[in-house]
Number of protein chains: 2
Amino acid sequence: MAKYTIGLDYGTNSVRAILVNVANGREVSTSVWGYAHGEKGVILARDPNLARQHPADYEKGAELTIKAVLADAKKKVKAFAPEQVIGVGVDTTGSTPIPADEKGRPLAFQKKFARDPAAMAWLWKDHTGIAEAEEITALAAKIRPEYLAKCGGTYSSEWFFSKLLHCKRTAPKVFEAAHTWVECADWVPAMLTGTEAPNRLTACVCAAGHKAMYNDDWGGYPDKKFLRKLDPALAELRDRLQDRAHAIDTAVGGITAAWAKRTGLPEGIPVAAGAFDAHLGGVGSGIAPGTLVKALGTSSCDMMVAPTNRPLADIPGLCGIVKGSILPGYFGLEAGQAAVGDIFNWFVDYIRPTDGSHETLTKQAARMAPGASGLLALDWNNGNRTILVDQRLTGLLLGQTLYTTPAEIYRALIEATAFGALTIINRFEEYGVKVKRVVNCGGIAEKNPLVMQIYADVTGRPMYVSRSAQTCALGSAIAGAVVAGKKAGGHGSFKAAQKAMTGLKARVYKPDPKARKVYARLYALYRRLHDAFGTEDFSGGLHNVMKELLEIRAAARK
Amino acid sequence: MAKYTIGLDYGTNSVRAILVNVANGREVSTSVWGYAHGEKGVILARDPNLARQHPADYEKGAELTIKAVLADAKKKVKAFAPEQVIGVGVDTTGSTPIPADEKGRPLAFQKKFARDPAAMAWLWKDHTGIAEAEEITALAAKIRPEYLAKCGGTYSSEWFFSKLLHCKRTAPKVFEAAHTWVECADWVPAMLTGTEAPNRLTACVCAAGHKAMYNDDWGGYPDKKFLRKLDPALAELRDRLQDRAHAIDTAVGGITAAWAKRTGLPEGIPVAAGAFDAHLGGVGSGIAPGTLVKALGTSSCDMMVAPTNRPLADIPGLCGIVKGSILPGYFGLEAGQAAVGDIFNWFVDYIRPTDGSHETLTKQAARMAPGASGLLALDWNNGNRTILVDQRLTGLLLGQTLYTTPAEIYRALIEATAFGALTIINRFEEYGVKVKRVVNCGGIAEKNPLVMQIYADVTGRPMYVSRSAQTCALGSAIAGAVVAGKKAGGHGSFKAAQKAMTGLKARVYKPDPKARKVYARLYALYRRLHDAFGTEDFSGGLHNVMKELLEIRAAARK
């Protein structure tokens, strides 16, 4: 009898559940539920940096979507019984920390905090902690440079301690009421398994390692001395965080009786430790040593894994290097571009060329030969993540004449993101992490063959596309299959699970040698601009042009 | 009794006549006639570089428009009599050479050549002689660098000898049939005065000096040895060109009986030597030592005059330095930007942002504070004329984010042209030509107060706008008044004529000190980009990025 697992994928606006056949990865059923609170699930405020979610949506979302996929499976699969479901995996956004009480219940569940944004989940894209992030970065640079070396050299306002410190300073009542803080990726599995209480909670190494400076090498989270310099309350809080963080091969517990009743799932089936959506998307795309998985959406997340039994340098410019964060037993390496689809969306939605939909522009751009426009762009409209780690860089377009068309610009923007992608590949390889295969997933990989072809031509490598259109949820389902174990009908390892459950689409984008040659010339020019405007070792005095413009802008907008 | 002169202004698509009161510059009457041949007066062909005009349109245009303004004046001015008209001036496009027979009649008037584009007027914007221009530039650089020093370092495909040489090579029958070649600016006055025959023709120094390497210092046109190296036929032709070229204070003759009959003008009234439209626009805008006149249209023509009794360096980057080309007795200095309005038109007509008319974008851009967009652009979409003299430079836009709007870009493009304007002003002053006053004329100066205000804020100087909306035709009428002379009721000098007949609009755009300060910072950044991408002395290796892109483009389009 076939066995199934469920992958739960908590996104920014909705939660998705999929029910997957563990033998072949077939996605039998899918259910999506849009969060009820705020605008499309996000609670906003006058401060444009604020973005919160209500944890009640996480709870309700699990119930509704799990019920829905089970009901749907009954219709689709002959003689399907919920008992055939053997495990659950969970991925979420992050860093999305939630202040919780002594039982590990979110403060937002208490009546007095129900409408206080500070007591809710601090969504990944909440940037209220900008000042705190700078403070943490400065302190770490001074006394704990090793912390920064593992997270790309800059601690972000999107991350765990920036948010906590900002809460302490701006919403002290919430901070005081919070016994602890839990990442969304940890809280959802805990909720399903009744392990929310701090002494029972399992923290995942994905969130802890990438967003909270956790590393086994220095004893877990940042030391108390460091935290005390930021705020004594943070040092005290450290005692109430988990000692150890775990990878996704850890079962945090079994589905409780209450949740079994609520959803129809069998009681006691294991739930895997959570992880971030992109990382489980890597798993669902078949990530393995030598395989780069690119999750291409509004931005890009470029993931690789490297064996832990060989030394690995701190690769400059990477967003994070964390043992076990993607696959257990491997270093998880995360790089990325701060904007990919967002740049194309900007051109279509903000510049709004007449008749310039993505479809029309793509069609016109596809007819152009590489280099025929004379244009060259930098992909920095949202700053540069890898390899420059500089949010304050901005876009550049060069080569316009009096006849330049929107489609030419659109193509140049695609090419710019391809050049950025190649720069990341080169950086991995410069530090000994060979990129033998590139697998793409996410909306753009699915929908835009032109982007894929240009990526192939620019990088000189075939572009594969992940078979699943829901790689994050599939990755979670894979984790569910591994924690269920071979005996229960699951899998004995991620390698075995990925082999059975992941795959590639038949269409492979192969580099065209002629285009490749042109792009080699264009990439050399891209690197000249990249280094001139992005690095200080360039002698021409251009590296701070963009920053000076931002300073002038800030003054002008005062 | 009031005296009047007529200014004839031959443009690219039409000819305009105005009848002006010499005492106060009042423009009593205007008539415009669109040329009958070709598309809006321009004969085109499959070769996009080809642009010709039929000289018959020049003849018919003079007749129709002069008749029209005289008839109109009779209606408007009590007891007006054509005898009150005391002189005529003419301006035209250029270099627009016409092949002519032994009597100085255009070959196109002969039946066998009537439809041969090579026998027509080679309009200023005809670029068929690109290869010949490069050849002339290379030869001059080698053996006659002094020729290039007076015309900005590069001989253009738009100019006299490039066109003649191209005709010799591609339409030898026409070249052989041509006894001589006459600039449009010379032929129209000659036609009206019956002085077309080569031994009677008056060549104007404006065309000869700016477009045909004529200079009294080296004995007029380029020497025969030089011309022979290009083609022996050019050396022979030199004998059939005029020995000396003249300024606009020279009367080339009087209106013939035939033209008096044809138009109603008094027979014998003097016609001034012709000049180019922009230069007579300078005169009509009150050009004088210390006054920079900016003719702002699709491109800009920036004119100054400097006394000839003081030494003047060859100012690098100027398009031309010619004695008497603008005002008699002064060096005429011409600089310019290869695109101004054309850049704004490109954005509106090619990028076509939805709801993005010039009016809408200007209105939105006017609400923005200087520097508030974080954008910076180079004004090089059509290359750079002054000070880099490099047609193969291209545009650049820097500072885009994911929220950059069309109006922000539009403003950045306006600012870029303002920075280009300041660079020209600085260049004049670096070489001792003080800019005490800036007077603007042309469509943009008339119509776009935002552009004028930004120019004031960027340059830190008040922007004046010429009172007349037809400064070219007014300048021609002024020349007519001067050649008529004081005795006939005209003027004894250009100074006196300009004082009486030109003026400024009441609205002056004064620099705002706060904006000025921001723009000083932005201009410093503009110069960094300008020097990095435009000059070889910049060490960063960026100066050839745009050129390499053009090479790649050319290869891709093959």
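Predicted model, so just to flag it, every value in this text is computed and none were measured. (Residues numbered from 1 in each chain as written. Chains lettered and ligands numbered in written order. Predicted model: local features only at pLDDT ≥ 70, side-chain atom pairs only at ≥ 80, totals over all residues. Heavy atoms only, no water.)

Draft legend 1. Examining unusual backbone geometry more closely. All names here are of chain A. Of the consecutive residues Thr386 and Ile387, the connecting peptide bond is found in the cis state with omega at 15°. Take Ile387: it is sitting in the loop between strand 18 (376-378) and strand 19 (395-400). Here the phi dihedral of Lys40 falls at roughly 50°; this positive angle occurs in a residue that is not glycine. As for its position among the elements, Lys40 is in the loop between strand 3 (27-34) and strand 4 (52-53). If you check the backbone angles, Asp355 has positive phi at about 60° while not being a glycine. Examined against the element boundaries, Asp355 turns out to sit in the loop between helix 12 (341-351) and helix 13 (358-366). (Helix = DSSP H or I, 4+ residues; strand = E, 2+ residues; numbered from the N terminus.)

Draft legend 2. Seen up close, the sheet that holds strand 21 (residues 463-465) of chain A. All names here are of chain A. Within the open sheet, the 6 strands sit side by side as 16-17-15-14-20-21. Their pairing is mixed. If you trace the sheet from one side to the other, it starts and ends with strand 16 (320-323) and strand 21, each paired once. If you compare each strand with its neighbour and ignore which way they point, the axes differ by 25° on average. Inspection of the sheet shows strand 15 (residues 300-307) paired to strand 17 (residues 330-337) by 8 bridges, in the antiparallel sense. Within the sheet, the bridge partner assigned to Cys301 lies in strand 17 and is Gly336. The sheet strands contacting helix 14 (residues 406-430) are strand 14 (291-296), strand 15, strand 17 and strand 20 (437-441), and the helix crosses strand 17 at an angle near 155°. (Pairing = 2+ DSSP bridges. Axes fitted to C-alpha atoms, helices over the stretch in contact; angles between N-to-C directions. Contact = heavy atoms within 4.5 Å.)

Draft legend 3. Region of the structure containing the environment of Asp243 of chain A. All names here are of chain A. Looking at the element boundaries, Asp243 is found in the loop between helix 9 (232-238) and strand 10 (245-246). Exposure remark for Asp243: the relative accessible area of 68% places this residue in the exposed category. Considering only alpha carbons, one finds Asp243 and Gly220, 23 residues apart in sequence, at a separation of 6.6 Å. (Buried < 20%, exposed > 50% of the residue type's maximum accessible area, 1.4 Å probe, protein only.)

Draft legend 4. Highlighting the relation of the copies chain B and chain A. The operation relating chain B to chain A is a screw motion whose rotation component is 180°, with 0.2 Å of axial translation and a residual RMSD of 0.1 Å. Seen this way, the second copy is the image of the first under a two-fold rotation axis. Rotation axis and chain B: the residue whose C-alpha lies nearest the axis is Pro353 of chain B, separated from it by 2.0 Å. With an isologous cut-off of 70% or more, the 100% of interface residues of chain B that recur at the interface of chain A puts this contact in the isologous class. (Least-squares fit on C-alpha atoms with pLDDT ≥ 70 in both.)

Draft legend 5. Structural detail: the interface of chain B and chain A. Contacts between the two partners involve 59 residues from chain B, matched on the other side by 59 residues from chain A. With both chains or domains summed, chain B and chain A bury close to 4900 Å², and 62% of this area falls on carbon and sulfur atoms. Of all residues in chain B, Leu402, Leu549 and Ile552 of chain B give up the largest surface area on contact with chain A, accounting jointly for 14% of the area buried on that side. Linking chain B with chain A are 8 salt bridges, by the criterion used here. (Buried area = accessible area lost by both parts, 1.4 Å probe. Salt bridge = Lys/Arg side-chain N within 4 Å of Asp/Glu carboxyl O.)

Draft legend 6. Expanded view of helix 6 (residues 184-193) of chain B. All names here are of chain B. Among the 10 residues in helix 6, 10 count as buried, and that is most of the element. Residues of helix 6 that are buried include every one of Cys184, Ala185, Asp186, Trp187, Val188, Pro189, Ala190, Met191, Leu192 and Thr193, and no others. Two residues or fewer past helix 6, Gly194 is found with a positive phi of approximately 65°.

Draft legend 7. Representation of the sheet that holds strand 17 (residues 330-337) of chain B in the model. All names here are of chain B. Pairing is mixed across the open sheet formed by 6 strands, whose spatial order is 16-17-15-14-20-21. Every other strand in the sheet has two partners, leaving strand 16 (320-323) and strand 21 (463-465) as the edge strands with one partner each. Across the sheet, the mean angle from the axis of one strand to that of its neighbour is 25°, orientation sign disregarded. Inspection of the sheet shows strand 20 (residues 437-441) paired to strand 21 by 3 bridges, in the parallel sense. Paired with Val439 across the two strands is Tyr464, which belongs to strand 21.

Draft legend 8. Representation of the pairing of strand 2 (residues 14-21) of chain B in the model. Residue and element names in this part refer to chain B. Within strand 2, 6 of the 8 residues are buried, which leaves it mostly tucked inside the rest of the structure. Here 7 bridges tie strand 1 (residues 4-10) to strand 2, and the two strands are oriented antiparallel to one another. Among the inter-strand pairings, Leu8 is bridged to a residue of strand 2, identified as Ala17. Here strand 2 pairs with strand 3 (residues 27-34) via 7 bridges, running antiparallel. Paired with Val15 across the two strands is Trp33, which belongs to strand 3. Turn length for the strand 2-strand 3 hairpin, with the two strands adjacent in sequence and antiparallel, is 5 residues, and the turn residue Gly25 shows positive phi of about 75°.

Draft legend 9. Broad picture of the pairing of strand 15 (residues 300-307) of chain B. Residue and element names in this part refer to chain B. Extensive coverage of strand 15 is indicated by the burial of 7 of its 8 residues. Strand direction decides the pairing type here: strand 14 (residues 291-296) and strand 15, joined by 4 bridges, are antiparallel. Looking across to strand 15, one finds that Ala295 is bridged to Cys301. Remark: 3 residues form the turn of the hairpin made by strand 14 and strand 15, two consecutive strands paired antiparallel.

Draft legend 10. Representation of the nonpolar core in the model. Membership of the largest hydrophobic core comes to 150 residues, with the highest contact counts inside it found for Leu333, Phe428 and Phe533 of chain A together with Leu333, Phe428 and Phe533 of chain B. Excluding residues that lie within four positions of it along the chain, Leu333 of chain B makes contacts with Asp302, Met303, Met304, Ala306, Leu312, Ile315, Leu318, Gly320, Ile321, Ile326, Phe428 and Val433 of chain B. (Core = buried A, V, L, I, M, F, W, Y, C linked by side-chain atoms within 4.5 Å.)

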